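Structural characterization, general
Letter by letter, the chains look like this.
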Amino acid sequence: MNRSTNLSPLRLTAALALASVFMGAIGCSTTPRDEGTPKSHRLESRLPSEGSQLGSGDLVVASQQAVAGIADVPEIKDAPERTIIVMDRVGNETSDRTANFQIYLARIRANLNQSGARHNLAFVETRSRAEQIKQREGIPAGEASRTRPNYALTGVFYDMPRGRTNYYLLTFQLVDLTDDIVIWEDSYEVKL
């Protein structure tokens, strides 16, 4: 008896329907893509084996993202004069209260100073740090004039530990020092 390897139309329809259901089940079981959120604000996720603390990769991505955002702020990009920024502190609202996150602001400043935005902005030291330097260098108090900053760059970091994983939210703000308005804000999120 000669068996045909061709499927009957009924069997072909049934096979396609089954394949469609199977493919739909696979599609539903995958993690949905976050299409509505800008790429720079998507939640990053790493394997638990990579550790549950922020690492150098997070530093690089978060600071590069912030540099691009700050360089594009109209108040800086379109300013008729050079914009002066002072670096503030990163508030630590994480479960590790001993962590020092100032490296994030330091990297943002260094990268902005090396970027194309450099021609339109400058950074000044905090008053206390500038006074320490002047004192060490023997410059009498009040002898040198103080450049007043227009903006302060600051940040606040949060986390939400759950078992062996941790979710971090790193926020950065550029504050107008004349009226205390936050003119720019960005965030970086990662689940470890």
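Note that residues are indexed from 1 along each chain, following the sequence as it is written. Selection of residues for local features in this predicted model requires a pLDDT of at least 70, selection of side-chain atom pairs for listing and counting requires 80 or more, and totals for whole chains, interfaces and linings are taken over all residues. In computing side-chain properties, one takes all heavy atoms of the structure into account and sets aside hydrogens as well as water.

1. A short note on the overall build of the protein chain
Helix numbers and strand numbers start at the N terminus; a helix is a DSSP run of H or I with at least 4 residues, a strand a run of E with at least 2. When helices and strands are tallied, the protein chain shows five helices and six strands. The secondary structure elements of the protein chain, listed N-terminal to C-terminal, are α-β-α-α-β-α-β-α-β-β-β. Looking at the protein chain residue by residue over its 192 residues, the buried ones come to 30%. Contact between two residues is taken to exist if any of their heavy atoms lie within 4.5 Å; hydrogens are not considered. Taking the intrachain contacts of the protein chain between residues at least 6 apart in sequence as the baseline, contacts between residues at least 24 apart amount to 63%. Working definition of accessibility: Shrake-Rupley area with a 1.4 Å probe, residue cover restricted to the visible protein chains. A total of about 12,900 Å² of accessible surface is found on the protein chain, and carbon and sulfur atoms cover 54% of it. Note on exposure labels: buried denotes an accessible area under 20% of the residue type's maximum, exposed denotes more than 50%, and partly exposed covers the range between, all computed with a 1.4 Å probe on protein chains only.

2. A closer look at the nonpolar core
Proteins that are soluble and globular tend to have nonpolar side chains buried together. Among the buried residues, those of types Ala, Val, Leu, Ile, Met, Phe, Trp, Tyr and Cys that are joined through side-chain atoms within 4.5 Å form a nonpolar core. Counting residues in each nonpolar core, the largest one holds 30 residues, and the members touching the most others are Tyr104, Ile108, Leu153, Leu170 and Phe172. Looking at this core, the elements that each hand over two or more residues are α2 (56-71), β2 (83-93), α4 (102-114), β3 (121-124), β4 (151-162), β5 (165-176) and β6 (182-191). The greatest single-element share of this core, amounting to five residues, is contributed by α2. In this structure Tyr104 touches Leu54, Gly55, Asp58, Leu59, Ala62, Ser63, Phe157, Leu170 and Phe172, once residues within four positions along its chain are discounted. By size, the runner-up hydrophobic cluster in this structure holds five residues, among which are Ile84, Ala122, Val124 and Ala152.

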